[in-house]
Amino acid sequence: HRHPDKSAVFRVASAPHDGKTGKPLMLQEWTLRNYIDVAHELGWITSSAKDLGEVVRDYRNYIHPHKEFTHGVHLGDHDARLFWEVAKGIARQLLEGSA
């Protein structure tokens, strides 16, 4: 949201497009996966940050107790702290890389 001209994010290959019209989706319609892919393609985050971002994206869905239970996964405070540190590191890369 810092950049008044956001056209670059819509021009990269990883930007999501509407299947019918072929036009780029509005930012409000993007998923976290889209944001991660575009940030990496634009060089705002490193490959390792992209990979870790995908892991955090997958694990954030365990916030739903039913999914945690059905998958047999238990996430505790230590896990939450670990993911929080990863998320903060990615955010720092974004803030520095997109400046």
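Details of the structure are given in the entry above.
As the structure is a computational prediction, the values presented were derived from the model and not from experiment. (Residues numbered from 1 in each chain as written. Predicted model: local features only at pLDDT ≥ 70, side-chain atom pairs only at ≥ 80, totals over all residues. Heavy atoms only, no water.)

A. Region of the structure containing the overall build of the protein chain. Check the secondary structure of the protein chain and you find five helices and zero strands. The linear arrangement of helices and strands in the protein chain, starting from the amino end, is α-α-α-α-α. Over its C-alpha atoms, taken along the principal directions, the protein chain stretches across nearly 40 × 35 × 20 Å. The buried share of the protein chain, taken over its 99 residues, is 25%. When the accessible area of the protein chain is evaluated, it comes to approximately 7200 Å², of which 59% is carbon and sulfur surface. Charge separation in the protein chain, taken as the distance between the mean sites of 13 positive and 13 negative side-chain charges, equals 4 Å. (Helix = DSSP H or I, 4+ residues; strand = E, 2+ residues; numbered from the N terminus. Buried < 20%, exposed > 50% of the residue type's maximum accessible area, 1.4 Å probe, protein only. Areas by Shrake-Rupley, 256 points an atom, 1.4 Å probe, with all protein chains shown as cover. Lys, Arg positive; Asp, Glu negative; His and termini not counted. Charge placed at Lys NZ, Arg CZ, Asp CG, Glu CD.)

B. Quick look at the packing of aromatic side chains. For the coordinates displayed, the defined rule picks out four aromatic pairs. Ring centres of Trp30 and Tyr35 lie 5.1 Å apart, and the angle between their planes is 50°; on these two criteria the pair is classed as tilted. Its relative accessible area of 9% is what places Trp30 among the buried residues. Between the NZ or CZ atom of Lys67 and the centre of the ring of Tyr62, over which it lies, the distance is 5.3 Å. (Phe/Tyr/Trp six-rings, centres within 6.5 Å; stacked < 30°, edge-to-face > 60°. Lys NZ or Arg CZ within 6 Å of the ring centre and 35° of its normal.)

Function-wise, these values are silent; they only describe arrangement.
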